[in-house]
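As a plain string of letters, each chain reads:
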Amino acid sequence: MTTSSAPGKVYLFGEHAVVYGEPAVPCAIERRARVTVERREDERLRVRANDLTLDGFTVTWGGSGTDPRPDVDVPTPLVEAAMGYIDGAIEQALDAAGEDGIGFDITVESDIPLGAGLGSSAAVVVAGIDAAARELGVELDAGTIADRAYRVEYDVQDGQASRADTFCSAMGGAVRVQGDDCQRIEDVPTLPFVIGYDGNTGDTGKLVAGVRELKEAYGFAADTVESIGDIVRSGEIALDDGDVEEIGRLMNFNHGLLSALGVSARSLDTMVWAAREADALGAKLTGSGGGGCIVALDRTEQTHTALEYTPGCEDAFRAELDTEGVRRER
Ligand SMILES: Nc1ncnc2c1ncn2[C@@H]1O[C@H](COP(=O)(O)OP(=O)(O)OP(=O)(O)O)[C@@H](O)[C@H]1O
Ligand SMILES: C[C@@](O)(CCO)CC(=O)[O-]
Ligand SMILES: [Mg+2]
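Residues numbered from 1 in each chain as written. Chains lettered and ligands numbered in written order. Predicted model: local features only at pLDDT ≥ 70, side-chain atom pairs only at ≥ 80, totals over all residues. Heavy atoms only, no water.

Undergrad: With reference to specific residues and values, describe the site of ligand 1.
TA: Residues in contact with ligand 1 amount to 23 residues; listed here are only the nearest, Lys9, Gly115, Gly119, Ser120 and Ser288. Within the backbone of Ala116, a nitrogen or oxygen atom sits 3.4 Å from an oxygen atom of ligand 1. Within the backbone of Gly119, one N or O atom sits 2.9 Å away from an oxygen atom of ligand 1. Relative to its unbound accessible area of 630 Å², ligand 1 is 94% covered by the protein chains. Taken together, the residues of the shell around ligand 1 sort by class into 11 nonpolar, nine polar and three charged. Residue contributions to the shell around ligand 1 reach at least three from each of two domains, namely domain 1 (2–185) and domain 2 (193–319). (Near = heavy atom within 4 Å. Polar contact = N/O pair within 3.5 Å; in protein donor to acceptor, adjacent residues only side chain to side chain. Areas by Shrake-Rupley, 256 points an atom, 1.4 Å probe, with all protein chains shown as cover. Nonpolar A, V, L, I, M, F, W, Y, C, P; charged D, E, K, R; others polar. Domains from an automatic or database assignment.)

Right, here's the structure in full:
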């Protein structure tokens, strides 16, 4: 039995635009998904994922001669997506090990809210690939895991995914991703993250498709995507200078442009404004949007407190940058 974990992330800048070749800077946070994998005697996959619904569920599928569809009492799209990520992770591990037709018992435990912009999918896939590969006796380096995890996200998101979430989760720390070029950013200043969560989810695939449509229909939407790239480039200079105030201002601008691209939500805007009114250095939605989380920068407790009293904010918490990526737990 092997267990691996991998962190979630917030985007300092650049989500969505990164899908079209602009740079982005996600930062890993100290909230992890843990995946435990144990080889079975047969070819089936049995998954326990207690976070997927309030009651949790267990599902078994696959294996020759069996119905590949799981028989469970939870909304099908949720199960299909989860099957996609977990199936994909196992497939990648089997491929890396040169194996085939091996079943596993898999348990997923996670501190990362699902579908909320904190990269829960990438963390589950990264941890899953590492745990399953080790269960098969293969040690993969973080770069290889990132690459294989990206292929899984790409498939599940219908061919519209960047390497940002998976690279960040595998490597940890702050990273810069542009197309296939993925690097860690060293010596980042202390980033006092505060996260607000509205309890909702956004469908990453649908939101990405919406931005693509806008971008194809309007030149100014395409310009907006490019402007997000400009913000990221300015943000890299601010990071290099350790200028956290400037980083905050750029995050505010980034949120405005994401909003223009239609991926914000009333609850996200409300939390962003609550953070701004509490004198946060900056605040923006993080991840694909539509609902989920905002990330603010504040060295004081004011934003945290303000978010706790903001209607529509279900949870507010501080998060530290996690310099460690995928990690062996057992
Ligand atoms: N704890 C978990 N157990 C099982 N599956 C999970 C878990 N966490 C995430 N997943 C899978 O990841 C999906 C959410 O991925 P999605 O990309 O929509 O959101 P996200 O990764 O949290 O946010 P974003 O991509 O915007 O940063 C879930 O629907 C589920 O399939
Ligand atoms: C919206 C997006 O940019 C980030 C989702 O966390 C999609 C991606 O990069 O694959
Ligand atoms: Mg995701």
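Undergrad: Lay out the packing of aromatic side chains in plain terms, naming residues and giving numbers.
TA: In this structure the tally under the stated criterion is two aromatic pairs. For the ring pair Tyr218 and Phe220, a centre distance of 4.8 Å and an interplane angle of 20 degrees mean the geometry is stacked. For Tyr218, a relative accessible area of 40% translates into the label partly exposed. Here Phe220 falls in the exposed class, since its relative accessible area comes to 57%. The ring of Phe317 is capped by Arg31, whose NZ or CZ atom sits 3.8 Å from the centre of that ring. Here the basic side chain of Lys215 rests over the ring of Tyr20, its NZ or CZ set 4.7 Å away from the ring centre. (Phe/Tyr/Trp six-rings, centres within 6.5 Å; stacked < 30°, edge-to-face > 60°. Buried < 20%, exposed > 50% of the residue type's maximum accessible area, 1.4 Å probe, protein only. Lys NZ or Arg CZ within 6 Å of the ring centre and 35° of its normal.)

Undergrad: How would you summarise the site of ligand 2 if you had to cite specific residues and measurements?
TA: By nearness alone, 13 residues border ligand 2, and Lys9, His16, Ala161, Ser162 and Asp165 come closest of all. Contact distances for ligand 2 include 2.9 Å between an oxygen atom and a backbone N or O atom of His16. In this structure, Gln157 approaches ligand 2 through a side-chain N or O atom, which is 3.4 Å from an oxygen atom. Isolated, ligand 2 exposes 300 Å² of accessible area, and the fraction of that covered by the protein chains is 97%. Each residue belonging to the shell around ligand 2 can be placed in one class, and the counts come to five nonpolar, five polar and three charged. Residue-level mapping places the shell around ligand 2 at the junction of two domains, with at least three residues from each of domain 1 (2–185) and domain 2 (193–319).

Undergrad: Give a description of the pairing of strand E9 (residues 282–285) that names residues and reports values.
TA: Taking every second residue as pointing to the same face, both faces of E9 are buried, with Gly282 and Lys284 on one and Ala283 and Leu285 on the other. Alignment of E9 against strand E10 (residues 293–297), held across four bridges, turns out to be antiparallel. Note that in E10 the partner of Ala283 across the bridge is Ala296. (Helix = DSSP H or I, 4+ residues; strand = E, 2+ residues; numbered from the N terminus. Pairing = 2+ DSSP bridges.)

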